[in-house]
Amino acid sequence: MRADLDKDPNAIAGMFDRVARRYDLTNDVLSLWCDRAWRRATRRALGAQPGMRILDLGAGTGTSAAGYYEDGADVVACDLSEGMIAEGRRRYPFLEFVQGDATDLPFEDNSFDASTISFALRNVQGTEKALRELLRVTKPGGHVVICEFSTPSTRVVRGPYNFYLGTVLPAISRMVSSNGRAYEYLAESILAWPNQAELADMMRGCGWENVGHRNLSAGIVALHRGFKPAN
């Protein structure tokens, strides 16, 4: 089973349900273990501290949320996929997991000091709705950190990277994943995703202020950060 670029929520959830058990291992292999460095960079950018309440949206199995918990924050790991949540609860029983749709979050206004989403925003049917929901549930003056695949900054990187996504990644995923076809969609979704400037403009249009981004791995991944107006 795989999803398509129309990103039907049921198809997306079902696809991730089926890859949950080996999802993190597959990500390690397909990213050549770079995903660990990307998550560390996200963790530093988020700056979770004791006393902060953090929303990790699209949390998957809770890999990133566990790091924010280690930093002393009160973390809620939210994901659409029941399979991901079940695997996360098995691995990290100390975390709070909540099933929820990014476009209709099950939280009150101004519930979190900061919010974050890693490698999941591009899977949402309605990116702007998700950005507005993240804004709604974040406290005034709080911030969001988005870690997502993006557009390599140079042609030297872009050509080989696109070849990897279109040819090499699907072949490897068929060997290491329980659902190789799911990674065909993931490659397509990366290629179709807005570039750094376009996503930054989208964030501003949804109400986030002081938006900026930083490239990781020559723009293969980008970190975006924005702040909710204080008043």
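So, a few notes on the structure that sits alongside this text. For every chain, the first residue of its written sequence is number 1, and the numbers climb from 1 along that sequence. Note on the predicted model: pLDDT of at least 70 is required for a residue's local features to be given, and 80 or more for side-chain atom pairs to be given and counted; whole-chain, interface and lining totals, by contrast, use all residues. Where side-chain values are given, they derive from all heavy atoms of the structure, hydrogens and water being excluded.

Attention now moves to the overall build of the protein chain. A count of helical and extended segments in the protein chain gives nine helices and seven strands. Values of the radius of gyration come from C-alpha atoms, whereas the globule rule sets the reference at 2.2 Å times the count of residues to the power 0.38. On C-alpha atoms alone, the protein chain measures out to a radius of gyration of 16 Å, which is about the 17 Å that the 2.2 N^0.38 rule sets for 231 residues. The dimensions of the protein chain, computed from C-alpha atoms along their principal axes, are 50 × 40 × 30 Å. Three labels apply to residues, based on accessible area from a 1.4 Å probe with only protein chains included: buried if under 20% of the type maximum, exposed if over 50%, partly exposed otherwise in between. Per-residue burial over the protein chain gives 55% buried out of 231 residues. By the convention used here, residues are in contact when the closest approach between their heavy atoms is within 4.5 Å. Within the protein chain, contacts between residues at least 6 apart in sequence are counted, and of these 68% link residues at least 24 apart. For the accessible areas, the method is Shrake-Rupley and the probe is 1.4 Å, while residue cover comes only from the protein chains on display. When the accessible surface of the protein chain is summed, it comes to about 10,300 Å², and 51% of that surface belongs to carbon and sulfur atoms. Each charge class in the protein chain can be summarised by its mean position, and for the 27 positive and 28 negative side chains these summaries are 6 Å apart. Helix and strand definitions follow DSSP, with helices as H or I runs of at least four residues and strands as E runs of at least two, each counted in order from the N terminus. Positive: Lys, Arg. Negative: Asp, Glu. His and the chain ends are not part of the count. Throughout, a charge is located at the NZ atom of Lys, the CZ atom of Arg, the CG atom of Asp or the CD atom of Glu.

The next subject is the packing of helix α1 (residues 9-19) against helix α5 (residues 82-91). Relative orientation of the contacting elements α1 and α5 amounts to 35°, with a least axis distance of 6 Å. Contacts from F16, D17 and V19 of α1 reach α5 at E82, G83 and M84. Each residue is assigned to one of three groups, with Ala, Val, Leu, Ile, Met, Phe, Trp, Tyr, Cys and Pro labelled nonpolar, Asp, Glu, Lys and Arg labelled charged, and all others, Gly among them, labelled polar. Class assignment for the residues of the contact of α1 with α5 results in three nonpolar, one polar and two charged. Angles shown run from 0 to 180 degrees and are taken between the N-to-C directions of axes, each axis being a line fitted to C-alpha atoms and, for helices, limited to the stretch in contact.

By the burial criterion, the buried members of helix α4 (residues 63-70) are S64, A65, A66, G67 and Y68. Here the buried face of α4 lies against α3 (34-46), β1 (53-57), β2 (74-79) and β4 (112-118). Note on α4: the residue one or two positions beyond its end, G72, has a positive phi of about 100°.

How two aromatic rings sit relative to each other is set out by the distance from centre to centre and by the angle between their planes. In this analysis, rings of Phe, Tyr and Trp, with Trp reduced to its six-membered ring, are considered paired at centre separations within 6.5 Å, and the interplanar angle assigns stacked below 30 degrees, edge-to-face beyond 60, and tilted for intermediate values. Following the criterion strictly, the structure yields six aromatic pairs and no others. With a centroid separation of 4.7 Å and an interplanar angle of 35°, the aromatic rings of Y69 and F94 are classed as tilted. Placement of the pair is Y69 in helix α4 and F94 in the loop between α5 and β3 (96-99), with a sequence separation of 25 residues. Ring centres of F119 and F149 lie 4.9 Å apart, and the angle between their planes is 45°; on these two criteria the pair is classed as tilted. Here F149 lies in strand β5 (residues 138-149) and F119 lies in the loop between β4 and α6 (127-137), a separation of 30 residues in the sequence. An identical accessibility class is assigned to F119 and F149; each is buried.

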